[in-house]
Structure formats: structure tokens, C-alpha cells
There are 2 protein chains.
Amino acid sequence: MAMASSFKNLIFFLSFSQILSIILTHQYHPLDPLTPSELNQVRTIVRGSNPIPHHNLTFQYVGLDEPDKPSILSWLSNQSTKNPPRRASVIARIDKKTHEITVDLSTHSIISDRIYDGHGYPTLTFEEQTAANKLPLTYAPFVASISKRGLKLEEVGCGSFSVGWYGEKRKTNRVVKVMCYYLDGSVGIYMRPIEGITTIVDLDEMKITGYSDRLMVPVPKADGTDFRGSKQKPPFPPRLKEITVFQPKGPSFTISGHSIRWANWEFHLAFDMRAGPIISLASIYDLEKDERRRVLYKGFVSELFVPYMDLTEEWYYRTFFDAGEYGFGLCAVPLEPLRDCPENAVFMDGYFTGQDGTPGKIPNVFCVFERYAGDVMWRHTEGAIPGKVIREVRQEVSLVVRMVSTVGNYDYIVDWEFKQSGSIKATVGLTGTLEVRGSKYTHKDQIEEEVYGTILAENTIGAYHDHFLIYHLDLDVDGDANSFIKARLQTTSVTDDRSPRKSYWSVVSEKAKRESDAKIQLGLKPAELLVVNPNKMTRVGNYVGYRLIPGSVERALLSDDDYAQLRGAFSKYNLWVTPYNKSEKWAGGLYTDQSRGDDNLAVWSLRNREIENKDIVLWYTMGFHHVPYQEDFPVMPTVSSSFELRPSNFFEYNPVLKVKPPKDIKWPNCSTLIMA
Amino acid sequence: MAMASSFKNLIFFLSFSQILSIILTHQYHPLDPLTPSELNQVRTIVRGSNPIPHHNLTFQYVGLDEPDKPSILSWLSNQSTKNPPRRASVIARIDKKTHEITVDLSTHSIISDRIYDGHGYPTLTFEEQTAANKLPLTYAPFVASISKRGLKLEEVGCGSFSVGWYGEKRKTNRVVKVMCYYLDGSVGIYMRPIEGITTIVDLDEMKITGYSDRLMVPVPKADGTDFRGSKQKPPFPPRLKEITVFQPKGPSFTISGHSIRWANWEFHLAFDMRAGPIISLASIYDLEKDERRRVLYKGFVSELFVPYMDLTEEWYYRTFFDAGEYGFGLCAVPLEPLRDCPENAVFMDGYFTGQDGTPGKIPNVFCVFERYAGDVMWRHTEGAIPGKVIREVRQEVSLVVRMVSTVGNYDYIVDWEFKQSGSIKATVGLTGTLEVRGSKYTHKDQIEEEVYGTILAENTIGAYHDHFLIYHLDLDVDGDANSFIKARLQTTSVTDDRSPRKSYWSVVSEKAKRESDAKIQLGLKPAELLVVNPNKMTRVGNYVGYRLIPGSVERALLSDDDYAQLRGAFSKYNLWVTPYNKSEKWAGGLYTDQSRGDDNLAVWSLRNREIENKDIVLWYTMGFHHVPYQEDFPVMPTVSSSFELRPSNFFEYNPVLKVKPPKDIKWPNCSTLIMA
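In every chain, residue numbers begin from 1 and rise along the written sequence. Labels are handed out in written order, letters beginning with A for the chains and numbers beginning with 1 for the ligands. Under the rules for a predicted model, residues below a pLDDT of 70 receive no local features and side-chain atom pairs below 80 are neither given nor counted, while totals for whole chains, interfaces and linings still include all residues. Side-chain descriptors were evaluated using all non-hydrogen atoms of the structure, hydrogens and water having been removed beforehand.

1. Some thoughts on the overall build of chain A
Rules: For the purposes of this entry, the term helix denotes a DSSP run of H or I that reaches at least four residues, the term strand denotes a run of E that reaches at least two, and both are numbered from the N terminus. Each radius of gyration reported is based on C-alpha atoms, and the globular scaling rule is 2.2 Å times the count of residues to the power 0.38. The buried label goes to any residue with under 20% of its type's maximum accessible area, the exposed label to any with over 50%, and the partly exposed label to all in between, with areas taken from a 1.4 Å probe on protein chains only. In this analysis, two residues are considered to be in contact whenever any of their non-hydrogen atoms come within 4.5 Å of each other. Note on areas: these come from Shrake-Rupley sampling with a 1.4 Å probe, and a residue is covered only by the protein chains present in the view. Counted as positive: Lys and Arg. Counted as negative: Asp and Glu, with His and the chain ends omitted from the count. By convention, the point assigned to a charge is CZ for Arg, NZ for Lys, CD for Glu and CG for Asp.
The helix and strand tally for chain A stands at nine helices and 33 strands. For chain A, whose C-alpha radius of gyration is 27 Å, the value lies close to the compact-globule estimate of 26 Å for 676 residues. Principal-axis analysis of the C-alpha atoms places the extent of chain A at approximately 85 × 70 × 65 Å. Expressed as a percentage of the 676 residues in chain A, the buried residues total 66%. Within chain A, contacts between residues separated by at least 24 positions form 69% of all contacts whose residues are at least 6 apart in sequence. Roughly 22,200 Å² of accessible area belongs to chain A as shown, and the carbon and sulfur atoms make up 52% of that amount. The averaged location of the 82 negative side-chain charges in chain A is 3 Å from the averaged location of its 78 positive side-chain charges.

Now the structure itself:
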């Protein structure tokens, strides 16, 4: 969940000269995100047709209106051809209505403007959250509630919480619930909730439409809640000696515009307000075939569903969609060199649109670096050959693309890692601070009723919750037409005398014909999960493919008919496969705020479309059931999960067999100098 | 499985002067492995009482006879007290009988010598494998078989395969099946099996007792099987630029004898012929309590079970126990600096006993290094406080202990990683080469019958198989008396009107009373798996504990009554808990070769002993179902799996909150120098 992030306002908005310099230096790829100047054009065009003050206009989302896949691919095959038309997709609120506007940037015109009047609302802007969060502070009943609690108003900070949907039949207004916290000597604001008070704010009216002060609960004390190094008191642990990654000749990758080349990989990296990093057109060079082979047309985090398990009045509705409601990209934070990313990292900036359409910049939104963690890519010591010992070892050096999105209290570290062996590994690290509930209890023994969490400190309950991240993985294994194969490991009993064995397992491959064949709950039955190109085989006759090696097998524990679960139904399965459909990008639906579960992955896939030998999309749900422990207080050591897309009969043989290890570095006598 | 590793013979046996120097510099801890001089003493004492040539004597295993846990702990609490008696445990074959001998090194005497006449045999020595592997080469029928195939005898290399047990009632002799491979222009020996021939060798007689040449199968050709960099032909991929880990002031850890201190951790690291690395007495310093707190009394890989899924005559019996049959430590290989371990690694040697009792050395058997992979230990950007942005980030720096054991074709990379946050992470990487079956088929379309594997190349089938590693984890969380808690995440339906929600999950903790309560198959139902100290609580009343965060949920697919499965029954569950029992070290039984499943973890736990508030041992099975792919040919990119032991209400709050990041390194202008 996200609190009003005031720091986006601190991130300077761009001057014309800056914009100009960016245009001039910019290299153009059809999937490049909109540049600041393009964002400004969009602003001018949309505001032009909806002049302010006549209209009440806010930009909720602006991003590239991506050209269709065929035109991207044809451009790719012959880049001398004219680029596809450059278009922007805008979601705006105009006079309390949601507009879907497509702007053509070449003709400087609006080519479509359609009002959406279905269920759900667009992503919240930072500005409206900031405005909403200020309202209680001047609202008499709230001021009274604060003084009744003996708290100082000037030490109160608030956040806007999406309200979800709990079965209301009629259309509900676009509201948030503003919940407040207490600073007073700490910046560990989420550790000091002011429980019992709920302020409902109508975002379109920007005024308070509901208020309740239900109960008084002690605010957890400030002691121990501040996570700043500068505020820690002794004793301190001994400091570790300096350690760094060192590349005397610089990195082995090149970045031109948004295209990145490293080792045998090439891919495009774009920033999107909603999705954050979008990996596109990842292809790998096949040394033997002397050709680039397509692997991943597009990969991104489509949604994050974070339901809490607390039924109390101030908590039951906390079932957040961090991408659809708050913008996973919009919540990205500037990465800190040497801390968030190692010494050898290269950084890229990202651009978003403010509520009034003005472009803003997130400096260092991505970092790209080569990782050598001391691991082994492959090795073998051969001692079986009389008279000789043969040893060959290759270090694992990989390329990492990183973004950190801080959705309020949580920090999500999102890594895409490319390996020379052809694997793509995605990792998410969860850190930041918990969302805790204030409580009268100071010791577990006092607890009488259900508290829906772990007592972490005096008056502090860490609420049970889940995180479900779903990845959109549009694999194009050596082309678009792919099939999904579930290769089950099946035990067979041996009852005849063909062998002294009584059992063994073999692989039973099932090609998924329709969507219903590919909804999978992991952990129950072992299987290899493959995306193959049924039209291409290796020399010995195996389908070329990639397989998903899942990391987590966690999935939804809520009942199917629960309102939040209807909205986040993608979390019921760890794996889904759908036929490619440009409009099916957001697994929780396009309009997630107050959505009713009528437009999302679970609903799309009910059509049970054919997925065999088609352009298919794999959806993987990475789940975390989070039972908090005291170690998570006041800030959490990172917990992470990964999955891997690994070539599986894609290459004729080990693609890194011929890789030469990087040269060893000869150390001069300047290590003394180095600390001088 | 292991081929006769001739290179152990190349590893020089030690001269007296070398031994002396080692004694003199050696610091003595009751858990230190036997020194070369002690190994020599053992040899002298045992041979003294069984003079050769009167007796036929071979040393199958020699290791420290570990003092009892209480005496270790009392020594630990007061190290000025006299060390417990120094004893060696010997398993020898004397006149075709298995002897269990305990040698007291202070009194230079044998304090017990008992003959074991149950089922199963001790670990094979390298020398007897080497001898067995040579026999076919001078055995007329074998020579005839080779020439019949048109192969050159001088290009044939053989390996000794353990035969397992397939229901034989009477006692069987101590035999191996010798299987042979063809070199002839390649060192990828396992890629060139000579199928159809089986030679049975009696190891005690050291002669051939059975022979069959059942069928002729083309030997896969040499092309593409050689994994040596020097033998690869162009085209080559571009070489990556130099990259290294750099610690200008050296490492932050200290090694004294076998005790390692780093950050808040202290532990003992020993080498054992059978287990490889043994981590003991791992304790962590608690800054707030200003005391060292016990975490892991002992951790090691107890067994590796590797059943193949091929029913054919030459394959059905291949159900290997890599620790009990071949010695996971004995198969360890010297680590290559800058390849197996990074630039900043420190190496340690290991000592084993040759068949005649002479100590041998494995140089660089362990490496120890600090890892900084560019990851984040914890972070948070706080943007919710009006007017300021707060960002705190700490890099993840951890300590890794590594060994590589090459059990024939497979290379197992075994890591123990210690984190400042209190986590212990164990990772195993599988690489090396596959065990393949020769085949007449050159294309998948030709295949008519079941081939029990993947066609990887012409005439080459990669056989389906499993790897099950079971870890012995004697956790002593803040003391010996611990309990195992399975905290199930249980969904509750909300049918009343107490909340608009229809469901939520909560945590239902079940304290395991007996062994049967703690046999767990993972992946079916979500649960937190905790080892707690029920006698110690945090200030707010939570039991102090550690939890297991499993990586893999794979487990046995063989039927319970299959002979191999009876022997490797530990693989049926991912998790077991037993009360501590000094004799219960080897999950597959002490005498694994030809064992009959009558002495192993599954059998011990049938006693269903009490495990509540007792000194308990956690056993975790890490499983890999290996379906080979062409990328695994001729050498496999590493596949790895991990699990983590993570503090869970062990600390009052985040133990790394106060950690200061290592100082940044100021780079001088000598990076140019550096490549000079």
C-alpha cells in the first residue's frame, strides 16, 4: 500500500532546455517509453481539447501506446523501414469521468477519446493522495480525535488507502480511506499507527465524505522504530572491511537508447508508470546457428496483490493492488549508488507524468550491472582417466537489471538477470517496513481475542498478509507460434519380471490445447513446465523450448467467492497460459481501484481459448505468505523469491561450453594507495 | 556414482617433516578432524594389532570419534578444563570382515574392536575401485568383447558401480559392477559408454566373479563430448571483460585452527571422509543481550541418494548413495582459485586415510570467502513524511564456506552461507557431466521402445534420475531443549456479519509431540516450520526460534516397497525430526553399500520417540528430479537449490538494524596500473 509520496514532488520537474537535450540525444526505437518532450506534447494536446478551467482534468496514466506486435516484428526484421506511428495512451479523469484517450504524436491529434463507465477506477495520482492526506489535519472532528488521544497534530502524517470492493451493488464514488500515523521523534511512521479513526475522502470532490472514530488504542512508542543509521545508539556491531566489485576495463555491456547488449543477449528495457521495468524483444545469439533467436517478446510484473488477514473495521478492506491502484513504476525510487547497486552499476532515469500532465523524472530508476557472486557456471574434475586429472571451471557472470519500487511501507527489489547459459532469472526481494496494527497488548500472555498477527513489540501487531506478484511472460521461443507442455513425472509400478525394480518414473508430456489445460497449482504433482516451438526441432528431434523453473509454490488461501479474491483471482493458480491478446496486459484488470473482478486474467481465461501452436503468454504467480516475526521490526531483512526461464533443448548442446573465463586481474602494488 | 578417482593417488601422501610442521602449528579443538600425525598413529596402532601379511587389512573409513555432546558443551563453557579424550573411529575390513574399531590416541590403544556382521558394507576405497577397474582390461572375455566391437583396448576406462540390493535373501559378497567407457580422442568419458557389458568384481577377493556381454550398442562418437577449453573449435563467443571481488584491507573473518569468526558468527569447520564439511557449534553474538547464543550444534550432508529410472539390465541397479558408498568427502576435489572461488577466498586443506592407513591430503578442499553479490540486506525509502525523503540502504555481505565433491560424473558444489541477519543458507549446485546410456538411435523419430531418458545427441540418451540430499541439522536454539512447531496457515470462512470479508487465514501452531508428527511432505499445505526453545521467550512473549525456509519440495517418486526406496526411504519426506542420538548420523544407514533398509532414518523414526522440549535434530531432504536436456551435454550448466534457517523471534528486533555499511572504496588513479 502506498502513502502519499511527497518526494515525487521533490524530484524536480523538467525545464525546457533539459527536455531539449534529451530529445536531441535520444535514439528512437518503437518500444521506447515516451520522452519528456513527448509527454509534454501529450499534455498540450489533451489540455488543448479540454481547456482548463472549463474542465476538471487530471492525468492518471500516460504511457506509450505500443504498436501492434506484427508491426514491431516487421520493423525489427528491417529497421530501415519507417517506424510505426508514435502514439500515447492516456487515462484521464475529466469532469469526474474516466477517459481513454489515444494521442497521435506525429499528427499532434487525438485519434480516439472514449469514456469508460464500467466498474473500477484508474491508478491514483500522487498529487491527489497528497491532497487527500492533508484534509483530516484541518477537519475539526479529526483534530478533536487527535487531541482526545493527547497527540500533537503537527506530528501526524496520513496515507491514502484504496478501499477495494465488498459486494456493493450500485456504483460507488472514487474514494480512499485516509489512515494516520504518528511521528513525534521517529521516522518509522508505519510503526506508529493511530488506530480507530477512519476518514473517507472523495477524490473527485477532494473532500471528506465520511468519518469515524471507533476506538482508542495506545500508539506504539517511538523507541526502536527509527531505522536511520544516524539515530541508532550504541552498542554497534563491528564494521566489516571494505568489499567491492571491480572491473578495471569497465562493463562488458553496451546501452544504446533503451537497447542493451551483453554477452549473447540483446533486449530492450523501458520504464512504465504502471508496470515499472518492461523487458522486450529479448533474443540470444546462437553461436552454432550464427543467428539471433527470439526468446521473450515481453516480460513485466503485471500486478501485485497484497491482501491482509485482519477482519477489524480499520483493516478488513486492506487488499491492495500495488500496480493497478498505486502504480508500481510510479512508486519506483531513485537507486543509491554503492548501496542499492554495486560499484560497477550503470544507471538509467525514468519519466512519468504528473497529475497535471507535466513530465517528472525519477533519476537512477534502473541500474544495470554485471554480477559475479563467486558462483560456478559449470565445472568438472575428471579423475577417472588413468594418469591424468582434468579440471575445467567457468565462473558464473551474469547481467542484472534492477528497480526498487517503494509502495508505501514495502520496498520491492525487482531484478531481471540474464545468464550466458540462456537463462532469464527474475527475483523479487521484499524489504522495507511492515504494516502494523496498534494494540493495547504489551505481552502475548495478555492476548484474549484474535489479533490477526504476531506481536512484534509493545502495542504492535504485525498483521498476517500475502504478496502475490504475477509476471506477464510473452515467450516467443524461436518465433511466435508456441505450445505449452506439461511434462508430468509419472511413477509406474513394475509388476512383471522385466526388471528387479518395482517402480520407476518416466515423463508423460501433455500439450495444453486450451487455457483450462494450463491452469496449474504447483507443489502437488511434479512436472516440467515447457514452452516449446512445435515447428522447430533440434537435430536429434526434440522440440526447441524453454522451461519455467518456479521458485515459490505459494498461492491464494482466500475462498474463491471472497470479494478481494474475485478481484485478485489470478492468485488462485501459480501458472496460467493465454493466447496473446494486446489488451490483456493487467492480470488484475485495467481499472483495479474498486474493481469487481469482471475484467481480469481469471475472467479472460474462462473463454478457454485454444493455446496450441499459437502466440501464447505465460503468467506466473510468485507468492509470499507473510507471517511477521520480531526480526521484521522496525525494518525487514530482505526475503526473496525467484523463478527461472531456462533453455530446454533450445540449443543443440551446452551454449556456454566454449565460453572463455574473463582474464584474471594482475594486482599492482597499489592496494595501499587505494585506501590512501 | 564414482569412477575410480586415480587423481587421489596423484595427491601426494605426506612426508614426516610435513606432518611434523602441521602438528606444531596446530591448535586443538575437541571437534578438530584427525591430523595427519594422528591418522598415522591410528594406522600404526591398528596395523600393530593386525600385523600384515598375517592379516588382510584395509582402512575403509577413519575419522574423529566425536566426544559426547555434554562433554563438548562443558568444554565449551570452560575451555580451561582438560579436553575430552581424543579418539579415532575406524571402519576396517580385516580378513573379509567389517571391524568397528575405536582407538584412543592418548593411550595409543584400541579400546574397542567389534565385528559387524549385519547387512551392508562400508564405503569403498579409491584403491579397491582402481584395482577393480583394471581387472577387465586383462580379462580375456572382456578383451574379446572390446575387439568384437572394433574398439581399442588402450582407450577403454572403467568405473566401479555399487550394486545395491534387489531382494536377495542370503548374504551377498562385497562386489561392484565394473562398467567401461571409451576415450579415443575425448576426455568426456561418461559421454561414451560401452553398453551391454557387465563385469562383476568381488572386492575382497579382488577378482572377477561374473561377466556378461549382452548386446552391442554403438558407442557415441567423440565429437562434441570433450569439455576442455583447449579442445574447443571456433567460433568462440566474445570474452567478457575482467571482473573481480576486491577487498583492499583483506577479509573480515579470522580462521584459527578450524574455528571461524566473522561478523556476529562463530563456528567450527571440519572435514570428514564421508560427510565432507561439518559445521559445528555455530553461535551468533547478540548485541543487545551481549552474549553468544547457540544456533546450530551440527550441520552436514548426511546422505545423497541418486536413483536412476532405467530398467535395462545394465542400469536398473543404479541407485547410488554417494556419501555412504563413495564418500562425499573422499570425492572432494581441490578448488581452483579464481574459478571455483573468487579472488578474495581463503583455502583450507583436508586429510583422509588411504586404504593402507596412510594419510593423504586434499589441498584447497574448502574455501571461505565474503560474498557481495550486489544484493540489498535491507532498505527503505520513506516518502510519506511531508517535506523530507529518508533513504537507508544496507548491502548484503555474507560469508560462504564451499566444498566441491566430484562423485564420478557429477560435481556437487556445497555452500554454507552465513548472513549477518542470523540466517544460515545452504546451497547445492549440480554440475559436471551426465551419466548417459549408449543407444542405436540417432533421432527421436526412430525411437520405438521406452528409452528412459532424453535423446541428447546421436546414440546418446540422458537417463532420468533424482538427487536427494539429506541434511542433518542439529539445531540448538538458545540451548539443547527445543521443540518443532508446524504453524499451519489455515483459511477460515467468515459466515457471520463481523466483517464484510468472507475469508481470511490465520496461523494454527501445532507442537510436534512425537516423530510421527513431524514427517512432512512439502508443497501440499502452507506452513511455517519452526524449531523453538519452549523455555525461552522474547520480551513480548514469543518463543525464541529459527525457521526452515525450504527451497525444493521434491521428494521420492518410487514406490515405498521398491528395494532402492527401502534403502533411501528418507527421501519420502522433505522433513523429519528425531531426538538427538549420537549414533543416528547417516540417514541412509552406516553401511550403505548393499544395505537392506534395516538401519536408516525411516527405521529409527518408527520408534516414534518424543521430540517435544528435547534435544532434537531436523532432517531436510533437498530433492532434484533430473530430466536431462541437450544443454546438459557434454557438461551441465549448474542447477542449484537452497534452503535457509532464519531467525524467527530469536532476536527482539532486526539484528542488522545497527549494521554500518562497509566504508566505500576511494579509487586511486591506478586502475590503469592495475592492468599493467
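Still more ground to cover, so stick around.
2. Quick notes on the pattern of salt bridges
Counted only if it meets this: Salt bridge, as applied in this entry: a Lys or Arg side-chain nitrogen positioned within 4 Å of an Asp or Glu carboxyl oxygen.
Counted according to the given criterion, the structure contains 116 salt bridges over all chains. Arg609 of chain B serves as the salt-bridge partner of Glu515 of chain B, at 2.9 Å between the closest nitrogen and oxygen. Linking Glu515 of chain B in the loop between strand E28 (503-511) and strand E29 (527-537) with Arg609 of chain B in the loop between helix H8 (601-604) and strand E32 (614-626), this pair joins segments that are 94 residues apart in sequence. This pair shows no difference in class: Glu515 of chain B is buried, exactly as Arg609 of chain B is. One connected set of salt bridges, linked through shared partners, spans Lys69, Arg294, Asp474, Asp476, Asp480 and Asp615 of chain A.

3. Here's the deal with the domain arrangement of chain A
All names here are of chain A. Here is the rule: The split of the chain into domains comes from an automatic or database domain assignment. Put simply, buried area is how much 1.4 Å-probe accessible surface two parts lose in total, over both of them, once they are put together. Two N or O atoms form a polar contact when they lie within 3.5 Å of each other; inside protein one atom must be a possible hydrogen donor and the other a possible acceptor, and for residues adjacent in sequence the pair counts only when both atoms belong to side chains. When residue character is reported, Ala, Val, Leu, Ile, Met, Phe, Trp, Tyr, Cys and Pro are called nonpolar, Asp, Glu, Lys and Arg charged, and the others, Gly included, polar.
With domains assigned, chain A is organised as domain 1 (5-116), domain 2 (126-231) and domain 3 (254-666). Centre-to-centre separation of domain 2 and domain 3, based on C-alpha positions: 33 Å. Carbon and sulfur atoms make up 56% of the surface buried where domain 2 meets domain 3, a total of about 3,300 Å² over both sides. Of all residues in domain 2, Trp165, Tyr166 and Met191 give up the largest surface area on contact with domain 3, accounting jointly for 23% of the area buried on that side. On the surface where domain 2 and domain 3 come into contact, there are two salt bridges. In this structure, the salt-bridge partner of Lys221 is Glu458, at a minimum N-O distance of 3.5 Å. Our count for the domain 2 to domain 3 interface comes out at 18 residue pairs in polar contact (both at pLDDT 80 or more). For the side of domain 2 that touches domain 3, the secondary-structure elements that each account for two or more residues are helix H5 (126-134), strand E5 (156-162) and strand E6 (175-182). Class assignment of the residues belonging to the side of domain 2 that touches domain 3 gives a composition of 16 nonpolar, eleven polar and eleven charged.

4. Examining the sheet that holds strand E1 (residues 57-64) of chain A
Residues and elements named next belong to chain A. The test is simple: In this scheme, strands are said to pair when DSSP sees at least two bridges between them. Comment: axis = line fitted to C-alpha atoms, over the contacting stretch for helices; angle = value between 0 and 180 degrees taken between N-to-C directions.
Read across the open sheet, the four strands follow the order E1-E2-E3-E4; overall the sheet is antiparallel. Since the sheet does not close on itself, it has two edges, and those belong to E1 and strand E4 (109-116), each with one partner. With direction set aside, neighbouring strand axes in the sheet form an average angle of 20°.

5. Details of the state of the cysteines
Residues and elements named next belong to chain A. Spelled out, the test is: Criterion for a disulfide: a pair of cysteine sulfur atoms within 2.5 Å.
Going through the model one piece at a time under the given rule, you end up with four disulfides over all chains. At a sulfur-sulfur separation of 2.0 Å, the disulfide partner of Cys158 is Cys180. Taking the sign of the torsion about the S-S bond as the criterion, the disulfide between Cys158 and Cys180, at about 100°, is right-handed. In this pair, Cys158 sits in strand E5 while Cys180 sits in strand E6, placing the two residues 22 residues apart along the sequence. Judged by relative accessible area, Cys158 falls into the buried class, the value being 6%. By relative accessible area, Cys180 is classed as buried at 6%.

6. A word on the relation of the copies chain A and chain B
Applied cut-off: Each copy is superposed on the other by least squares, with the fit set by C-alpha atoms of residues at a pLDDT of at least 70 in both.
Taken as rigid bodies, chain A and chain B are interconverted by a rotation of 180° and an axial shift of 0.0 Å, the fit giving an RMSD of 0.0 Å. Such a combination of turn and shift is consistent with a two-fold rotation axis. By residue overlap, the copies meet face to face through one surface: 100% of the interface positions of chain A are interface positions in chain B.

7. So, the sheet that holds strand E24 (residues 453-457) of chain B
Residue and element names in this part refer to chain B. The strand order across the open sheet built from three strands is E23-E25-E24, with neighbouring strands paired in antiparallel fashion. Two strands bound the open sheet, and with one partner strand each, they are strand E23 (436-438) and E24. For this sheet, the mean angle separating the axes of adjacent strands, direction not counted, is 40°. Of the pairings in the sheet, the one linking E24 to strand E25 (residues 460-463) comprises four bridges and is antiparallel in character. Pairing of Thr454 across the sheet is with Gly462, part of E25.

8. Some details on the environment of Val436 of chain A
Residue and element names in this part refer to chain A. Assignment of secondary structure puts Val436 in strand E23 (residues 436-438). Counting along the chain gives 26 residues from Val436 to Gly462, while the straight-line C-alpha distance between them is 4.6 Å. Setting aside anything within four residues of it in sequence, one finds Val436 in contact with Tyr190, Met191, Pro193, Glu195, Trp315, Leu456, Thr460, Ile461 and Gly462.

9. Here's the deal with the side chain of Asn459 of chain A
All names here are of chain A. Within the secondary structure, Asn459 sits in the loop between strand E24 (453-457) and strand E25 (460-463). One polar contact links the side chain of Asn459 to the main-chain carbonyl oxygen of Ser439, over a distance of 2.9 Å. Sequence-distant contacts of Asn459, that is, excluding residues within four places in its chain, are made with Pro218, Pro220, Arg437, Gly438, Ser439, Lys440, Tyr441 and Thr442.

10. Focus on helix H3 (residues 36-49) of chain B
To keep it simple, the criterion reads: Multiplying 1.5 Å by the helix residue count minus one yields the expected span of that helix.
The first and last C-alpha atoms of H3 of chain B sit 20 Å apart over 14 residues, in line with the 20 Å expected at 1.5 Å per residue. Taken residue by residue, H3 of chain B has Pro36, Ser37, Glu38, Leu39, Val42, Ile45 and Val46 of chain B as its buried positions.

11. Focus: the packing of aromatic side chains
As a reminder of what qualifies: We call Phe, Tyr and Trp rings a pair once their centres come within 6.5 Å, taking the six-membered ring for Trp, and we label the pair stacked below 30 degrees between planes, edge-to-face above 60, and tilted otherwise.
One pass over the full model with this rule turns up 59 aromatic pairs over all chains. With 5.1 Å between their ring centres and 65° between their planes, Trp265 of chain A and Phe418 of chain A make a pair best called edge-to-face. Of the two residues, Trp265 of chain A sits in strand E12 (residues 265-272) while Phe418 of chain A sits in strand E21 (residues 410-419), which places them 153 residues apart along the sequence. Comparing Trp265 of chain A with Phe418 of chain A, the two get one shared label, buried. Between Tyr166 of chain B and Tyr563 of chain B, the aromatic rings sit 6.2 Å apart at their centres with planes inclined by 80°, giving edge-to-face as the arrangement.

12. A word on the UniProt feature "active site" (unreviewed entry) in chain A
Residue and element names in this part refer to chain A. The cut-off we apply is this: UniProt positions are given in the numbering used here, feature names are shortened, and annotations may be inferred rather than shown by experiment.
Feature annotation in UniProt assigns "active site" (unreviewed entry) to the following positions: Asp322 and Tyr410. Spanning 89 residues, the named residues nonetheless gather at one spot, since no C-alpha pair among them exceeds 10.0 Å. Among the structural elements, Tyr410 can be located in strand E21. In this structure Tyr410 comes out as buried when scored by relative accessible area, which is 1%. Those residues in contact with Tyr410, other than ones at most four positions away along the chain, are Tyr308, Ser405, Thr431, Thr433, Leu434, His465, His467, His626 and Met636.

13. Some details on the interface of chain A and chain B
In this assembly, 184 residues from chain A lie in contact with 184 residues from chain B. Roughly 16,800 Å² is buried in total at the junction of chain A and chain B, and carbon and sulfur atoms are behind 60% of that figure. Looking only at chain A, the three residues that lose the most surface to chain B are Arg339, Arg501 and Trp505 of chain A, adding up to 5% of its buried area. Scanning the region where chain A abuts chain B turns up 94 residue pairs in polar contact (both at pLDDT 80 or more). Examining the composition of the side of chain A that touches chain B, we find that seven residues originate from one element, strand E18 (residues 376-382) of chain A, more than from any other. Of the residues that constitute the side of chain A that touches chain B, the class distribution is 93 nonpolar, 46 polar and 45 charged. As paired strands, strand E9 (residues 244-246) of chain A and strand E9 (residues 244-246) of chain B are joined by three bridges and run antiparallel to one another. Paired with Phe246 of chain A across the strands is Thr244 of chain B, a residue of E9 of chain B.

14. A closer look at unusual backbone geometry
Note the cis peptide between Phe633 of chain A and Pro634 of chain A, where omega equals -5°. Its place among the elements puts Pro634 of chain A in the loop between strand E32 (614-626) and strand E33 (636-647). Cis geometry marks the peptide bond from Ile52 of chain B to Pro53 of chain B, where omega comes out at 10°. Among the structural elements, Pro53 of chain B can be located in the loop between H3 and strand E1 (57-64).

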